[in-house]
Amino acid sequence: EIPKRDWSSDVCSSDLGLEEVRASIPVEEPQLRAEFEARRREFATPERRVVEMIRFDDEAAATAARKEIESGADFMDVAGRAGQAPEQVRAFGKVTASSLPAELSRPVFALAADAVSAPIATPLGVFLARATSIEPGVDPSFEDMRAALADEIVRRAAAEAAYRTATRVE
């Protein structure tokens, strides 16, 4: 005769949490460092700037407009006199250095907040630019990411172990 088993006293797999499994899944320093290096770009956030630009057909017009602004004229008023509506001036919005062409990116990302650039010549025209806000980039260190990476590695390993167990049970 087969003895009857009381399954109600057994621990169900759903009762096991990450903390119970963590001790059985070792995470080594080299593994953490390799994961960090492989995914470093994923953790970094580039600097972002809200950029306004006025487009001119030639450098002389852009230079004259910049002198006006330096003398106290409002940037948007100068844009209006250059025939551009506020939505055209603000069309670039929030940008990263990589989202702009190189000839615009370098001078725009060298500007201090609210400073007006020198005329920037591009194939599309000559621009005056200003960054109305600057959001610094974030490049977390290995130490900043260590705990989160360890948790991720443990979660992945636990999920893989659960999958292997379920496959064996089937």
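Preceding block: the structure.
Every chain is numbered independently, its residues counted from 1 as its sequence is written. Only residues with pLDDT of 70 or above have their local features reported here, since the model is predicted, and side-chain atom pairs are shown and tallied only from 80 upward, although totals for entire chains, interfaces and linings are computed over all residues. To get the side-chain values, all heavy atoms of the structure are used, and hydrogens and water are removed first.

The helix and strand tally for the chain stands at seven helices and four strands. Counting from the amino terminus, the chain carries its helices and strands in the arrangement α-α-β-α-α-α-β-α-β-β-α. The burial tally for the chain puts 29% of its 170 residues in the buried class. We call two residues contacting when some pair of their heavy atoms lies within 4.5 Å. Sequence separation of 24 or more characterises 69% of the internal contacts of the chain that already satisfy a separation of 6 or more. For the chain, the exposed area adds up to about 11,200 Å²; of that, 54% sits on carbon and sulfur atoms. A run of DSSP states H or I qualifies as a helix once it reaches four residues; a run of E qualifies as a strand once it reaches two. Both are numbered from the N-terminal end. Here the term buried applies to any residue with accessible area under 20% of the maximum for its type, exposed to any over 50%, and partly exposed to those in between, with areas from a 1.4 Å probe on protein chains only. All accessible-area figures derive from a Shrake-Rupley calculation using a 1.4 Å probe, and residue coverage is judged against the displayed protein chains alone.

Summarising the element assignment, Arg130 is placed in strand β4 (residues 125-135). Contacts described as polar in this section are N or O atom pairs within 3.5 Å, which, within protein, must combine one atom able to donate a hydrogen with one able to accept it, while residues neighboring in sequence count only if both atoms come from side chains. Of the polar contacts made by the side chain of Arg130, one reaches the side chain of Glu52; its length is 2.7 Å.

Take helix α3 (residues 59-70) next. In an α-helix there are 3.6 residues to a turn, and that puts residues three or four apart on one side. Take the number of residues in a helix, subtract one, and multiply by 1.5 Å to get its expected span. For α3, spanning twelve residues, the distance from its first C-alpha to its last is 16 Å, which sits close to the expected 16 Å at 1.5 Å a residue. Listed in full, the buried residues belonging to α3 are Ala62, Ala65 and Ile69. Down the axis of α3, the buried side of the element spans an arc of 65 degrees, and every buried residue falls inside it. Across α3 from its buried face, at more than 90 degrees, point the exposed residues Ala60, Lys67 and Glu70. Considering only its buried residues, α3 is in contact with β1 (48-56), α4 (75-81) and β4. Trailing α3 by a residue or two, Gly72 shows a phi angle of about 115 degrees, which is positive. When we speak of the arc, we mean the arc of directions from the helix axis to the C-beta atoms.

With that settled, the discussion passes to the nonpolar core. To define a nonpolar core, start from buried Ala, Val, Leu, Ile, Met, Phe, Trp, Tyr and Cys residues and group those joined through side-chain atoms within 4.5 Å. If you look at the biggest cluster of nonpolar residues, it comprises 13 residues, and the most contacted ones within it are Ile54, Phe56, Ile69, Phe75 and Leu128. Among the elements of the structure, β1, α3, α4 and β4 are those that each provide at least two residues to this core. Ranked by residues supplied to this core, first place goes to α4 with four residues. Every residue in contact with Ile54, bar those within four places of it in the chain, is listed here: Phe75, Val78, Ala79, Ala82, Gln84, Val126, Phe127 and Leu128.

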